[in-house]
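# A look at the structure
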Amino acid sequence: MTQTTNSSVDVEAVKAYLLDLQDRICAALEAQDGEARFVEDAWERDPNDSSLSLTGGGRTRVIADGAVYEKGGVNFSHVQGPQLPASATASRPELAGRSFQALGVSLVIHPRNPMVPTSHANVRLFVAEKDGEEPVWWMGGGFDLTPFYPFKDDVIHWHQVAKDLCEPFGDAAYPKYKQWCDDYFFLKHRNETRGVGGLFFDDMNEWDGEINFEKTFAFMQAVGDGYIDAYVPIVARRKQEPYGERQRKFQLYRRGRYVEFNLVFDRGTIFGLQTGGRTESILMSLPPVAHWDYDWHPEPGSAEERLYKDYLGEHDFLGNWNPAE
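Residues numbered from 1 in each chain as written. Predicted model: local features only at pLDDT ≥ 70, side-chain atom pairs only at ≥ 80, totals over all residues. Heavy atoms only, no water.

To continue, consider the overall build of the protein. Counting secondary structure elements, the protein contains nine helices and 11 strands. In terms of overall dimensions, the protein is globule-like: its C-alpha atoms have a radius of gyration of 20 Å, near the 20 Å expected for 325 residues. Overall size of the protein, expressed as C-alpha extent along the three principal axes, is 65 × 45 × 40 Å. When burial is assessed residue by residue, the protein has 54% of its 325 residues classed as buried. For the protein, the exposed surface amounts to about 14500 Å²; the carbon and sulfur share of it is 49%. (Helix = DSSP H or I, 4+ residues; strand = E, 2+ residues; numbered from the N terminus. Rg over C-alpha atoms; globule rule 2.2 N^0.38 Å. Buried < 20%, exposed > 50% of the residue type's maximum accessible area, 1.4 Å probe, protein only. Areas by Shrake-Rupley, 256 points an atom, 1.4 Å probe, with all protein chains shown as cover.)

Structure (structure tokens):
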């Protein structure tokens, strides 16, 4: 990852976008619930507290016990630290010892109705700094969908939005970042994907062999804005779908996979905990209720089995894919 002199990063522009994105996502989600509202917890680290490894602050917003959302959070944070943690320098040993700042929006939505999928999205900027040298920066993010009782039209819509937002950035963008999402949100110990994927990108600052802040920032904005276009119509279509105890039980069982991924594999969780981040905000992503059942398997031919057979794993959802109806 080579830096050049034309790679200046505009942290304030990114911050302004992220704060606005948080506002717009919260407003769009609240409109679908109709009852619950996000509660904001604005926080700031004390820069004079030597026991803290991070300074900075953020806005944690949580919605709970609504008509549609059992629990959800849309967080903004902008933090600074004296040294990048091991999780950030494992693939970049040359950055070890640099101070850093990180800012982003991260969200997870856990609906009450099992027919409405769980969703996750985040967009972020990292800047690693050292006196006398140019800052090294990169962006990352994406969004992914975790259905319990998936609908073919919803999955196609989700991926069509992802493909459409990628098109201005080249024909290779959607296949590349879809594959990265499939690879990233994979539970190795279960040998299964967390859901039906979407987009994932990281360590991004270069286009056509050149460091390019404007294009990287434009891609980040396309992904952040795209989440609203991808998820809100699915919530609107499915929030009134009927369900019973069986469907609720399966939802809680599958939520266990979400917990396993976030606590074992998720880079954001690991980064936050390694840097002494704000624990309540970091673990906001976990569902309020989840179940683990010993050696459970879906009944052959059931709707639950259809999730495993037709939706989990790598599929060309916009191409040669024909799930059972």
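Looking at where Glu304 falls in the secondary structure, it is placed in helix 9 (residues 303–311). A distance of 2.6 Å separates a polar atom in the side chain of Glu304 from a polar atom in the side chain of Tyr149. Every residue in contact with Glu304, bar those within four places of it in the chain, is listed here: Tyr149, Arg246, Phe250, Trp296 and Pro298. (Polar contact = N/O pair within 3.5 Å; in protein donor to acceptor, adjacent residues only side chain to side chain. Contact = heavy atoms within 4.5 Å.)

Here we come to the packing of helix 1 (residues 11–33) against helix 5 (residues 213–238). In contact at an axis separation of 10 Å, helix 1 and helix 5 are set at 5° when each is read in the N-to-C sense. Of the possible angle classes, the one that applies to helix 1 and helix 5 is roughly parallel. Packed against helix 1, whose contacting residues are Ala13, Val14, Tyr17, Leu18, Leu21, Arg24, Ile25, Ala28, Leu29 and Gln32, the element helix 5 presents Phe213, Phe217, Met220, Gln221, Gly224, Asp225, Tyr227, Ile228, Tyr231, Val232, Val235 and Ala236 at the interface. Here the contact of helix 1 with helix 5 is composed, by residue class, of 17 nonpolar, three polar and two charged. (Axes fitted to C-alpha atoms, helices over the stretch in contact; angles between N-to-C directions. Parallel < 35°, antiparallel > 145°, perpendicular 65-115°, else oblique. Nonpolar A, V, L, I, M, F, W, Y, C, P; charged D, E, K, R; others polar.)

A word on the pattern of salt bridges. Between side chains of opposite charge, pairing is possible as soon as their charged atoms come close. Counted by the stated rule, this structure contains 21 salt bridges. For Asp20, the salt bridge goes to Arg24, with nearest N and O atoms at 2.8 Å. Taken as a pair, Asp20 and Arg24 lie in helix 1 at a separation of four residues, close to a single helical turn. According to the relative accessible area criterion, Asp20 is partly exposed, its value standing at 37%. In this structure, Arg257 and Glu192 form a salt bridge, with 2.7 Å as the shortest nitrogen-oxygen distance. Residue Arg257 is found in helix 6 (residues 245–264), and its partner Glu192 is found in strand 8 (residues 192–193); the two are separated by 65 residues along the sequence. (Salt bridge = Lys/Arg side-chain N within 4 Å of Asp/Glu carboxyl O.)

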